[in-house]
Amino acid sequence: MNNEQLERIRVGQGFIAALDQSGGSTPQALLRYGIQESGYSNEEEMYKLVHDMRTRIITCPVFDSKYILGAILFENTMNRTIDGLYTADYLWEKKGIVPFLKIDEGLAGLENGVQLMKPMAGLDERLAQAVDKNIFGTKMRSVIKEANPAGIRSLVEQQFDLAKRIFAAGLVPIVEPEVDINSTDKVESESLLKEMILEQLSRLESNVKIMLKLTIPSVDNFYEDLIGNPHVVRVVALSGGYEMEDANARLARNRGLIASFSRALAEGLTSQQTDSQFEERLVDTIQSIFQASIT
């Protein structure tokens, strides 16, 4: 574990940029970027186009450690290069931004009101590869749709079981139990989730460090006791489908919570824009997310 990166994530000002759309969500990301499915004929062409999009974002002057603490990558992005450097090395060496890796393989079907993560084949090998590519931490997502205590407990247990394996491999895990923003019992789900996270945190060995990525809560400052927990390096918020302006306003009302937005970060960026138009839009987006994260 890189202690300089750990300290930057722990106390630095800024937000985490989520650039981790995987195979299933990449076509939608490209569509929002203005590239139709007819614009590529196979998976390799698709991944090259999305890497070109991410490269355009990452190499933009405003994509800088002044505003951004870390960036979450998809495995395909980790294994590609920017200006002759692997993406994680480019982020840290050229930008001062801490690299993370999305490691989950998608969601299982809905059961007991939640979607657990699918089994992760070859996880140990993937973690070893991440360490070899100078990745600092990982991210894994599951989803809560209903306030079902049994379902939420199984989801939190799965997240923490994997988090302990990830930390043992030398990486800092981001635990991401997303609460669906459209859930009719979102407040109750968040209450159950926090209770069960605190229970799991109390069982960790004293040296274990994790991060949490949570949906912006319905009750302002609801996660303050998680933010102050000694096991928790940082608590970051996912936009969860809120439009950027709404997400920023909600985030700004939560002390100590910082952004880790994906869709909101890329909102309004298109392949048809000139470099100056692209940069102007990204400047506005990054500065607004940054401001909401430090409020």
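Heads up: these notes are all about the structure in this document. (Residues numbered from 1 in each chain as written. Predicted model: local features only at pLDDT ≥ 70, side-chain atom pairs only at ≥ 80, totals over all residues. Heavy atoms only, no water.)

1. Side note on the pairing of strand 2 (residues 68-73)
Stated formally: Relative accessibility thresholds used throughout: buried, under 20% of the residue-type maximum; exposed, over 50%; partly exposed, between the two (1.4 Å probe, protein chains only). Strands here are runs of E lasting at least two residues and helices are runs of H or I lasting at least four, both read from the DSSP assignment and numbered beginning at the N terminus. Note: two strands are recorded as paired if DSSP finds a minimum of 2 bridges between them.
In terms of burial, strand 2 is a largely internal element, 6 of the 6 residues being buried. As paired strands, strand 1 (residues 15-19) and strand 2 are joined by 5 bridges and run parallel to one another. Looking at strand 2, one finds that Leu 19 is bridged to Leu 73. Alignment of strand 2 against strand 5 (residues 98-102), held across 4 bridges, turns out to be parallel. Bridging from a neighbouring strand, Leu 73 pairs with Leu 101 of strand 5.

2. Topic: the pairing of strand 8 (residues 172-179)
Among the 8 residues in strand 8, 8 count as buried, and that is most of the element. A two-sided burial pattern is seen for strand 8, the buried positions comprising Val 172, Ile 174, Glu 176 and Glu 178 on one face and Pro 173, Val 175, Pro 177 and Val 179 on the other. Two elements, strand 7 (residues 137-144) and strand 8, share 8 bridges in a ladder whose sense is parallel. Paired with Ile 144 across the bridge in strand 8 is Val 179.

3. Quick look at helix 10 (residues 244-252)
Put simply, the test is: As used here, the arc is the angular range of directions from the helix axis to the C-beta atoms. In this analysis, two residues are considered to be in contact whenever any of their non-hydrogen atoms come within 4.5 Å of each other.
For helix 10, the full list of buried residues reads Met 244, Ala 247, Asn 248 and Leu 251. One face of helix 10 carries all of its buried residues, which in axial projection span an arc of 95 degrees. Taken together, the buried residues of helix 10 touch strand 10 (232-238), strand 11 (258-259), helix 11 (263-266) and helix 12 (275-294).

4. Regarding unusual backbone geometry
Even without glycine at this site, Asp 83 takes up a positive phi of about 50 degrees. Structurally, Asp 83 can be placed in the loop between strand 3 (81-82) and strand 4 (85-86). Although it is not a glycine, Asn 221 adopts a positive phi angle of roughly 60 degrees. Within the secondary structure, Asn 221 sits in the loop between strand 9 (210-215) and helix 9 (224-227). With relative accessibility at 18%, the residue Asn 221 sits in the buried group.

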